[in-house]
Amino acid sequence: MADCLFCKIRDGEIPAKLIHQDDRALAFHDLHAQAPLHALVIPRRHIATLNDAAVEDEALIGHLARVAAEIARDAGYAESGYRTVFNVNRGGGQTVFHLHLHVLGGRALEWPPG
Ligand code: AMP
Ligand code: ZN
């Protein structure tokens, strides 16, 4: 989608530190990391928000979650713990409108989040 930051990262038009890529998803380090591990896992296909995910996207979204778990495991946080988050729309803290799953680990994570 034109003017989508994460579509541009997917297409290599904007650089990112890639962690993972496959036929359905890619993952890269967040530019403004909020924890020692802060990755973003995105579908290759542009989906604006979790609200826009259709029944046909269930397997894709499950795949994003599995990639997130793999990244956390590879970073050594599977046992100690980590957090995955979809921010949804402005009130949920979403600023980039291409679906992405945050993966945060490596520090104590408070609950509830701010
Ligand atoms: P959200 O606020 O949930 O929409 O998350 C968007 C995330 O994208 C934020 O954590 C930003 O720090 C991150 N971000 C913004 N620009 C870039 C970029 N060029 N490369 C990597 N991450 C980015
Ligand atoms: Zn996009």
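See the structure shown above.
Fair warning: this is a prediction, and the values are worked out from it, not measured in the lab.

A short note on the side chain of His-38
Along the chain, the position of His-38 falls in strand β3 (residues 37-43). Here His-38 falls in the buried class, since its relative accessible area comes to 4%. Side chain to side chain, His-38 and His-102 meet in a polar contact 2.8 Å long.

Let's talk about the site of ligand 1
Ligand 1 sits among 16 residues. The nearest are Asp-30, Asn-87, Gly-93, Thr-95 and His-102. Asp-30 has a polar side-chain atom sitting 2.4 Å from an oxygen atom of ligand 1. Within the backbone of Thr-95, one N or O atom sits 2.7 Å away from an oxygen atom of ligand 1. Here ligand 1 loses 85% of its free accessible area of 500 Å² to cover by the protein chains. Secondary structure elements with two or more residues in the shell around ligand 1: α1 (5-10) and β2 (25-29).

Topic: the coordination of the zinc ion (ligand 2)
Summarising the metal site, the zinc ion (ligand 2) is bound by the protein donors Cys-4 (SG), Cys-7 (SG), His-46 (ND1) and His-98 (ND1), whose distances to it range over 2.0 to 2.3 Å. Seen from the zinc ion (ligand 2), its four donor atoms lie at angles of 107 to 116°, and the figure they make is tetrahedral. Ordering the donors of the zinc ion (ligand 2) by residue number gives the pattern C-x2-C-x38-H-x51-H. Placement of the pair is Cys-4 in the segment before α1 and His-46 in the loop between β3 and α2 (58-74), with a sequence separation of 42 residues. With relative accessibility at 6%, the residue Cys-4 sits in the buried group. On the accessibility criterion, His-46 (22% relative accessible area) is partly exposed.

Topic: the packing of aromatic side chains
Following the criterion strictly, the structure yields one aromatic pair and no others. Relative to Phe-28, the ring of Phe-6 lies with its centre 5.3 Å away and its plane at 75°, an arrangement referred to as edge-to-face. Taken together, the residues Phe-6 in helix α1 and Phe-28 in strand β2 connect sequence positions 22 residues apart.

A closer look at the nonpolar core
If you look at the biggest cluster of nonpolar residues, it comprises 17 residues, and the most contacted ones within it are Leu-37, Val-41, Leu-64, Ile-71 and Val-103. Among the elements that line this core, the one with the most residues is α2, at seven residues. Aside from chain neighbours lying at most four places away, what touches Val-103 is Leu-37, His-38, Ala-39, Val-41, Ala-68, Ala-72, Tyr-82 and Arg-83.

Focus on the pattern of salt bridges
In the structure shown here, the tally under the stated rule is three salt bridges. A salt bridge links Asp-3 to Lys-8, with the shortest nitrogen-to-oxygen separation between them at 3.7 Å. Under the relative-accessibility criterion, Lys-8 is labelled partly exposed at 28%. For Asp-11, the salt bridge is made with Arg-10, and the minimal N-O distance between the two is 2.9 Å. Asp-11 sits in the partly exposed class, given a relative accessible area of 46%.

What counts, and where the lines are drawn
- Residues numbered from 1 in each chain as written.
- Chains lettered and ligands numbered in written order.
- Predicted model: local features only at pLDDT ≥ 70, side-chain atom pairs only at ≥ 80, totals over all residues.
- Heavy atoms only, no water.
- Helix = DSSP H or I, 4+ residues; strand = E, 2+ residues; numbered from the N terminus.
- Buried < 20%, exposed > 50% of the residue type's maximum accessible area, 1.4 Å probe, protein only.
- Polar contact = N/O pair within 3.5 Å; in protein donor to acceptor, adjacent residues only side chain to side chain.
- Near = heavy atom within 4 Å.
- Areas by Shrake-Rupley, 256 points an atom, 1.4 Å probe, with all protein chains shown as cover.
- Donors = N, O, S within 2.8 Å, 3.2 Å for Na, K, Ca; no water.
- Tetrahedral: all angles 85-135°; square planar, octahedral: opposite > 155°, others 65-115°.
- Phe/Tyr/Trp six-rings, centres within 6.5 Å; stacked < 30°, edge-to-face > 60°.
- Core = buried A, V, L, I, M, F, W, Y, C linked by side-chain atoms within 4.5 Å.
- Contact = heavy atoms within 4.5 Å.
- Salt bridge = Lys/Arg side-chain N within 4 Å of Asp/Glu carboxyl O.

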